[in-house]
Structures are given as C-alpha cells and as structure tokens.
Amino acid sequence: MQVNIADSWKNILQAEFDKSYFKDLTNFVKSAYKTDTCFPDKKDIFAAFNACSFDDLKVVIIGQVPYHGFGQANGLCFSVQEGVKHPPSLVNIFKELKTDVQKEIPISGDLSHWARQGVLLLNATLTVKAHEAGSHQKQGWETFTDAVISKISEEKENVIFLLWGKFAQSKGISIDIEKHIVLEAPHPSPLGAWRGWFGSKHFSKTNALLKGFGKSKIAW
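All of these numbers come straight from a predicted model, not from anything done at the bench. (Residues numbered from 1 in each chain as written. Predicted model: local features only at pLDDT ≥ 70, side-chain atom pairs only at ≥ 80, totals over all residues. Heavy atoms only, no water.)

Considering the overall build of the protein chain
Move 1: Within the protein chain one finds 9 helices and 6 strands.
Move 2: Taken along its principal axes, the extent of the C-alpha atoms in the protein chain is 45 × 35 × 25 Å.
Move 3: Expressed as a percentage of the 220 residues in the protein chain, the buried residues total 52%.
Move 4: Across the protein chain, contacts joining residues at least 24 apart in sequence account for 66% of those joining residues at least 6 apart. (Helix = DSSP H or I, 4+ residues; strand = E, 2+ residues; numbered from the N terminus. Buried < 20%, exposed > 50% of the residue type's maximum accessible area, 1.4 Å probe, protein only. Contact = heavy atoms within 4.5 Å.)

Put into structure tokens, the structure is as follows:
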C-alpha cells in the first residue's frame, strides 16, 4: 500500500507510518488488493485526507467502514461515487439536511464538496473486501484512525466532531472537550433515524458554532 497522503497530514502522522503496526497493515492491504476485489480504489484509500487539508480542518464526521458494493466507495465516509444510488444512511442524511437547512436533496451522493470546505469524512477502517462489510477490521486501521483523532485533538482548537451512533461515539474518547465541540446523535441508518437522528439539527448547529468561532460556514 502506497501512503498517498497530502503533505499537511504526512507531517502530522509520520510517526504512525513508521510504527510496526502500520507496516503490518500496509502488508495486509497490499496482499488483500492483489488477491481480492477491495474498495475503495487504491488511489482513494486516503482520499478523506487529500480532500481536506489538516490546516483547513474545521469539522470531523466519523464513519465505520467503506461501502462494500461495486462502484460505491470513494474514500469519504457516507459518500458515494457520482451516479451511484444513495445508500439508506445517506438518504437519511439528505432528509435531515432538507428539514434542517432547507437544502434540496441532491442528485449526487458525492460529499467531496463538504471535504473541500474543511470537513474530514473519516471512516474508522479505510478499506474493505467486496461484499464483506467489516472484512478489514482489526488489521490496524482502527489504531491508525484513533491516532488521527488524537492528533487533531492535540494539534487543533475549536474543531466540531459529529459523532453519529455508538461506534463513532466510542471513537471519540480521546477528544479533549475543553478544546473542541462534540455533537452526538443516533446513526442515520434506518435503525437509528427515528430514534433521534431526524431532528438532531447537526448541520445548522455546526454552522452556528463555526460562526461563533469566526470561521466560514459549511455549504452543505
């Protein structure tokens, strides 16, 4: 696995790349992509970082694993490639956006325009085998993404973390809540949507907080 990651992140995360667990992870991913069909495309494994520089980072959304269907995953959590049908969680994200900030539901499910405005769309595990959800868990990705969250917490201030569902909330234990804002809601999946995802208003709340910090709002 080639660590094709933007310099702003490479400088922050170099110590992780040098650790033995990451070298083992690299070997695992290289082997998996040779023998299996895996997602996202190799060039997009670190797309979340390349679309949102460390310097511009304002908001973090934490997902769990990439979509495992053909043509879906593009390296950003909850996001899909242009022209791909919106998965159920993304459908509910767009429904909440419409009621919260009156944004019409878009045709495209590609969320890279969020990332370019400073939203890190981070999956806890960055790769997956086709049609096997969670198949690349417990290989080292979780250790890496825990380190990413810790580094953001240490190095930045006034970052807004949106933690949707119990898994994302468990990933947030290292966030310094004296320096950052954490907003929690149920997962936007069909199971969690009616338990408090709808009406959580995380998008408008985020923009109000950003305005209070003197930062530009996100054009969701």
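Section: the state of the cysteines
Such a bond, covalent and formed between the sulfur atoms of two cysteines, is termed a disulfide.
Move 1: Taken as a whole and judged by the stated rule, the model has 0 disulfides.
Move 2: Of all cysteine sulfurs, the one in C77 lies closest to C38, which takes part in no disulfide; the gap is 20 Å.
Move 3: Summary of cysteine pairing: C52 is not part of a disulfide, and the nearest cysteine sulfur, belonging to C77, is at 11 Å. (Disulfide = S-S within 2.5 Å.)

Section: the packing of helix 4 (residues 88-101) against helix 8 (residues 190-197)
Move 1: For the pair helix 4 and helix 8, interaxial distance at closest approach is 9 Å and the crossing angle is 25°. The pairing of helix 4 with helix 8 is recorded here as roughly parallel in orientation. Where helix 4 crosses over helix 8, the two elements pack in a sense that is right-handed. Residue-level contacts link P88, N92, I93 and E96 of helix 4 to P190, A193 and W197 of helix 8.
Move 2: A class-by-class count of the residues in the contact of helix 4 with helix 8 yields 5 nonpolar, 1 polar and 1 charged. (Axes fitted to C-alpha atoms, helices over the stretch in contact; angles between N-to-C directions. Parallel < 35°, antiparallel > 145°, perpendicular 65-115°, else oblique. Left-handed = near helix turned anticlockwise from the far one by under 90°. Nonpolar A, V, L, I, M, F, W, Y, C, P; charged D, E, K, R; others polar.)

A closer look at the pattern of salt bridges
Move 1: As enumerated under the stated definition, the model contains 6 salt bridges in all.
Move 2: With a closest N to O distance of 2.7 Å, D146 and K171 form a salt bridge. Of this pair, D146 sits in helix 6 (residues 141-155) while K171 sits in helix 7 (residues 166-171), and the two are 25 residues apart along the sequence.
Move 3: Of the residues examined, D146 reaches a relative accessible area of 34% and is grouped as partly exposed.
Move 4: Salt bridges sharing common partners tie together D36, K129 and E132. (Salt bridge = Lys/Arg side-chain N within 4 Å of Asp/Glu carboxyl O.)

A few points about the layout of surface pockets
Move 1: Taken as a whole, the largest pocket encloses approximately 340 Å³ of empty space.
Move 2: What lines the largest pocket is a set of 19 residues, among which Q64, V65, P66, Y67 and H187 lie closest to the centre.
Move 3: What lines the second largest pocket is M1, Q2, N4, V29, K30, Y33, K34, K42 and I45.
Move 4: Across the lining of the second largest pocket, the residue classes break down as 4 nonpolar, 2 polar and 3 charged. (1 Å grid on protein atoms, 1.4 Å probe; cavity = no way out; pocket = protein on both sides within 12 Å on 5 of 7 lines; lining within 4 Å. Points joined across faces, edges and corners; volume = space filled by probe spheres on them.)

Purely geometric numbers; function is a separate question.
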